[in-house]
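# Close look at the chain arrangement
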Amino acid sequence: MIVNIFLILIAIEFFLFLIFMNLRKIFPWSLTSKSLYPKFDEKKFKRFKEKRYDTFLGWDHKRNSIISDFIINKKIFYKINNYGQRRTVSFKKKNFIASFGDSYVFCRQIKDEHTWQEVISKNNKFRISNYGVGNFGFDQSILKYKRTILDKNTKFVIQGFVPETISRIQSVWKHFLEFGNIHGFKPMFILSKKKLKFIKNPLNDKIKINNLHKLIKKIRETDRFYSEKFKKNIIQFPYSYHFFVNASFNLSLLKNYIFLSFINLFKKKKIQINEILFSLVVKKNLQNAHLLYKENYSKNLLSKLIDKFIYEAKKREHIPIIIIFPQLIDLKLKNTNLYYRNFFKSFEKKLKIIDLTCELEKKNLKKMFINDKYGGHLSKSGNNYVANIINIKINRIIKEFNAKNL
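This text gives an overview of the structure that appears in the document. Keep in mind the model is a prediction, meaning the values are calculated, not measured.

## Some thoughts on helix H8 (residues 212-222)
- Restricting attention to buried positions, one finds in H8 the residues Leu212, Leu215, Ile216 and Ile219. Seen along its axis, H8 keeps its buried residues to an arc of 100 degrees; they face one direction. Of the exposed residues in H8, those oriented more than 90 degrees away from the buried face are Lys214, Lys218 and Glu221.
- Against helix H2 (42-51) and helix H7 (174-177) lie the buried residues of H8.

Following this line, the structure appears as structure tokens:
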């Protein structure tokens, strides 16, 4: 009896070993013990330092630069002007509003002339400058706003971000939160005695590639996602044990991998298994982010950052506005997206909040989003649609402001 159980365990171990060895060949987000200390390519690290690295913010767009990206295997280019803004056709118009935030503010995968800021600027006597940066957390956006010299005509400042920002503001090394993003070191704020305490970007100018592993050892002690997420997703011997540590997600991953691999045996045009598996990772990330809107520490930290944004705006005599851009999967997770919707709604008395969740839920999502492995950025139609909504709400806010200042 004992021998039989032992043989069954060995068979399970061997089966899981073979499956995960094959899975790792096509799916880089499948973690091993070596994933904690990845091999940093010297050329890639040097390129990152030259083109994207920012000592203060972690990463940023370089002025007078051209950035390339892909939209489903098609190359697209973005231009950053001398002021660090994304290029705008409406540059000669008065810069009345500045927008900061993540890739939904930057408008990733959309041409310069089709961003929601550009659509709004074309239909008004003023323009909205675009200081968005892909993968930024709200904390980084506040820091960027604080250090950016804005045009004297600027009266309103927008901070726009995805609900997942509640995770991003608690991340120091993006690799622990978004597996594979190994160059993404960033600053963050923590709560100490109910006050914000600033933690500098651990990757400073003096740190060389040979010292990165020492840096990671320190970071894993302070970045909550190492123990709460990264460590749980490592699959190594004994495979059965590590598999069941995160059983629900691993089972979903395994089931899809085996099924899709079987289907591909009979297909001429192969299914991109890695993209489908990555969509499971994105969905899990967003589910976890939604749950943080029920956790006291996360809510309190984000609340303090909103208060900081209000304070910084008031100090510069700007009117603060927050825009919530739900990702495609956020809209599909209707049972939990109420958590972030209710959270931001509670701030409506403090500042203007524009939550686009309800508006986007009414629309045909296939037209509104570029449905790719990144979780779905807004398409050209999507940018046009949100531009119309934001334009109405912004002009209403401007009228209120003008009425008060007559």
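What follows continues from the structure just given.
## Focus: the pairing of strand S10 (residues 319-324)
- Counting buried positions along S10 yields five of six residues, so the element is predominantly enclosed.
- Pairing geometry for strand S7 (residues 156-161) and S10, over six bridges, is parallel. Counted as the bridge partner of Ile158 is Ile321 from S10.

## What about unusual backbone geometry?
- Omega for the peptide link from Phe237 to Pro238 comes to -5 degrees, which places this bond in the cis form.
- Turning to its location among the elements, Pro238 is positioned in the loop between helix H9 (224-230) and helix H10 (239-245).
- Positive phi, normally seen in glycine, also occurs at Cys107, with a value near 70 degrees.
- Here Cys107 is to be found in the loop between helix H3 (103-106) and helix H4 (116-122).
- For Cys107, a relative accessible area of 3% puts it in the buried group.
- At Gln109, a residue that is not glycine, the phi angle is positive and equals roughly 70 degrees.

## Details of the packing of aromatic side chains
- The tally for this structure, following the rule as stated, stands at 34 aromatic pairs.
- Taking the centre distance of 6.0 Å and the plane angle of 80 degrees together, the rings of Tyr145 and Phe309 count as edge-to-face. Taken as a pair, Tyr145 in helix H5 (residues 138-147) and Phe309 in helix H13 (residues 296-315) lie far apart in primary sequence, 164 residues in all.
- Both rings, one in Phe176 and one in Tyr226, keep their centres 5.2 Å apart while their planes meet at 55 degrees; by these two values the pair is tilted. With Phe176 in helix H7 and Tyr226 in helix H9, the pair connects residues that are 50 residues apart, well separated along the chain. Tyr226 shares its class with Phe176; the two are buried.
- Its end group placed over the ring of Tyr53, Lys49 keeps NZ or CZ at 4.8 Å from the ring centre.
- Above the face of the Phe225 ring, Arg224 is positioned so that its terminal group lies 5.8 Å from the ring centre.

## Some thoughts on the nonpolar core
- Residues Phe138, Ile306 and Phe344 are the most contacted members of the largest nonpolar core, which totals 84 residues.
- Here this core gets nine residues from one element, more than from any other, and that element is helix H12 (residues 273-292).
- Counting 34 residues, the second largest nonpolar core, distinct from the first, contains Ile97, Val162, Phe325 and Ile354.

## Re H5
- Of all the ten residues making up H5, eight are buried; the element is thus mostly covered by neighbouring parts of the structure.
- Every buried residue of H5 is accounted for by Phe138, Asp139, Gln140, Ser141, Ile142, Leu143, Lys144 and Tyr145.

Cut-offs applied
- Residues numbered from 1 in each chain as written.
- Predicted model: local features only at pLDDT ≥ 70, side-chain atom pairs only at ≥ 80, totals over all residues.
- Heavy atoms only, no water.
- Buried < 20%, exposed > 50% of the residue type's maximum accessible area, 1.4 Å probe, protein only.
- Helix = DSSP H or I, 4+ residues; strand = E, 2+ residues; numbered from the N terminus.
- Arc of directions from axis to C-beta.
- Contact = heavy atoms within 4.5 Å.
- Pairing = 2+ DSSP bridges.
- Phe/Tyr/Trp six-rings, centres within 6.5 Å; stacked < 30°, edge-to-face > 60°.
- Lys NZ or Arg CZ within 6 Å of the ring centre and 35° of its normal.
- Core = buried A, V, L, I, M, F, W, Y, C linked by side-chain atoms within 4.5 Å.

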